[in-house]
Amino acid sequence: QLLFWIDTETMSKTINKDCHNVIIDLTADNYHSSSGPIPGQTRVSLPNDHLNYMITWGSLGIALSVMAYMYTKRGLRGAKAYD
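Residues numbered from 1 in each chain as written. Predicted model: local features only at pLDDT ≥ 70, side-chain atom pairs only at ≥ 80, totals over all residues. Heavy atoms only, no water.

(A) Looking closely at the pattern of salt bridges. All chains considered together, the criterion is met by one salt bridge. Its salt-bridge partner being Lys13, residue Glu9 comes within 3.4 Å of it at the nearest N-O pair. Of the two residues, Glu9 and Lys13 both sit in helix H1 (residues 8-15), four residues apart, roughly one turn of that helix. For Lys13, a relative accessible area of 57% puts it in the exposed group. (Salt bridge = Lys/Arg side-chain N within 4 Å of Asp/Glu carboxyl O. Helix = DSSP H or I, 4+ residues; strand = E, 2+ residues; numbered from the N terminus. Buried < 20%, exposed > 50% of the residue type's maximum accessible area, 1.4 Å probe, protein only.)

(B) View of the side chain of Ser12. Looking at the element boundaries, Ser12 is found in helix H1. Engagement of the side chain of Ser12 in a polar contact is seen with the backbone oxygen of Glu9, the distance being 2.8 Å. Each residue touching Ser12, except ones within four places of it in the same chain, is listed here: Lys17 and Cys19. (Polar contact = N/O pair within 3.5 Å; in protein donor to acceptor, adjacent residues only side chain to side chain. Contact = heavy atoms within 4.5 Å.)

(C) Representation of H1 in the model. Among the residues of H1, those classed as buried are Thr8, Thr10 and Ser12. Looking at the residues trailing H1, positive phi occurs at Asn16, about 55 degrees.

(D) Broad picture of a nonpolar patch on the surface. Residues Ile62, Val66, Tyr69 and Met70 make up a contiguous nonpolar surface patch of about 450 Å² in total accessible area. Topologically, Met70 is positioned in helix H2 (residues 50-77). Under the relative-accessibility criterion, Met70 is labelled exposed at 54%. (Patch = residues over 30% accessible without salt bridge, like charges linked within 9 Å, V, L, I, M, F, W, Y side chains within 5 Å. Areas by Shrake-Rupley, 256 points an atom, 1.4 Å probe, with all protein chains shown as cover.)

Here is the structure:
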């Protein structure tokens, strides 16, 4: 079974053992093995981009509101007939 993230519940069901929510990550300190797992691969990055998200979604919301207003205003006046 493939695991794309650390899921201790699925891991415990896979090996039919009761596991606790403790993760031990292998580090590169004094580790010498050519056939084992590669140590130090766990990277945790939680960027704080809330201002960027607010500006992006706020501007999209304003643009959509303006477009909807313009469409509704034109729709209430009626379409112009072309000869």
